[in-house]
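Residues per chain are reported as follows:
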Amino acid sequence: MPSLSHLSFPVGPLTLDWRRGEATSFGVRLDPRSAGWMVAAAFDDRLEMDWRAAVSAGTAVFRAPRHRLGTPEEPHDGEAVGSLILLSTNPGADTPGHERVHVLQHDFGRELWSTPLDRWVAGFIPGGATVTTWVDTGLLYGGFTWSLMEILDLERHNEPWEVEADFLERR
Ligand SMILES: [Zn+2]
């Protein structure tokens, strides 16, 4: 397979596929988990879309202008849910960068191993190959991260993805 024969461009809940070679083709895949969270955020009147941040991040960014995210016991400055970024009113200076790292981790994990594994499993199910052409099911992605946390028995905020986001947000 020649290099750059398949290019993927994640944009919000969509991934644009450009397959190059003897027969060039284009395709679009939907990440239903991220799309669902984005629709829920759009209809939540406690949240407002930050268009400037969204264009910069290449995905939906919502701010909570009147409340802090999380729970009273554990408030958050920001949160990434799939490809969606949520930010509190006045998050810490590094928070948007931290959450953007999580979106990149999400895209990277999907493209590198989750989607190929989902496609392999779907190949054993009638119609599965057609579904995974258009939909990033993400079935194995959630299971993997949950299993990793259980196996490693990690405290919250000590997961490898949190350590990486903490490290990369620093300038
Ligand atoms: Zn984090």
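Up top is the structure.
Throughout, residues of each chain are indexed from 1 in the direction in which the sequence is written. A pLDDT threshold of at least 70 governs which residues receive local features in this predicted model, and a stricter bar of 80 or more applies before side-chain atom pairs are shown or counted, although totals over entire chains, interfaces and linings include all residues.

Colleague: Can you walk me through helix 5 (residues 139-152) in this structure?
Modeller: Think of an α-helix as 3.6 residues a turn; residues three or four steps apart then line up on the same face. Here helix 5 spans 21 Å end to end across 14 residues, near enough to the 20 Å set by a 1.5 Å rise per residue. Within helix 5, only one of the 14 residues are buried, leaving the element largely exposed. Note on conventions: DSSP H or I runs of at least 4 residues are helices, E runs of at least 2 residues are strands, and numbering of each starts at the N terminus. Once helix 5 finishes, D153 follows within two positions and takes phi at roughly 50°, a positive value. Expected span of a helix: the number of residues minus one, times 1.5 Å. Three exposure classes are used, based on other C-beta atoms lying within 10 Å of a residue's own C-beta, which is placed from the backbone: buried for 20 or more, exposed for 12 or fewer, and partly exposed in between.

Colleague: What is the right way to look at the nonpolar core in this model?
Modeller: As a rule of thumb, nonpolar side chains are buried together in soluble globular proteins. By size, the foremost hydrophobic cluster in this structure holds 14 residues, and its most contacted members are A41, A60, L84, I85 and L86. Of all the secondary-structure elements, those providing two or more residues to this core are helix 1 (32-42), strand 5 (61-64) and strand 9 (84-88). Looking at which element gives the most residues to this core, the answer is strand 9, with four residues. Contact between residues is assigned whenever the C-beta positions, reconstructed from backbone atoms, fall within 7 Å. Excluding anything up to four places from it in sequence, L86 contacts A41, F62, A64, L69, G78, E79 and V81. Think of a nonpolar core as buried Ala, Val, Leu, Ile, Met, Phe, Trp, Tyr and Cys residues chained together by C-beta atoms that fall within 7 Å.

Colleague: Explain helix 1 to me, please; I cannot follow it from the model alone.
Modeller: Within helix 1 the residues assigned to the buried category are S34, W37, M38 and A41. Projected down its long axis, helix 1 carries its buried residues within an arc of 100°, all on one side. Those residues of helix 1 that are buried are in contact with strand 5, strand 8 (78-81) and strand 9. In this description, one arc is meant: the one made by directions from the helix axis to the C-beta atoms.

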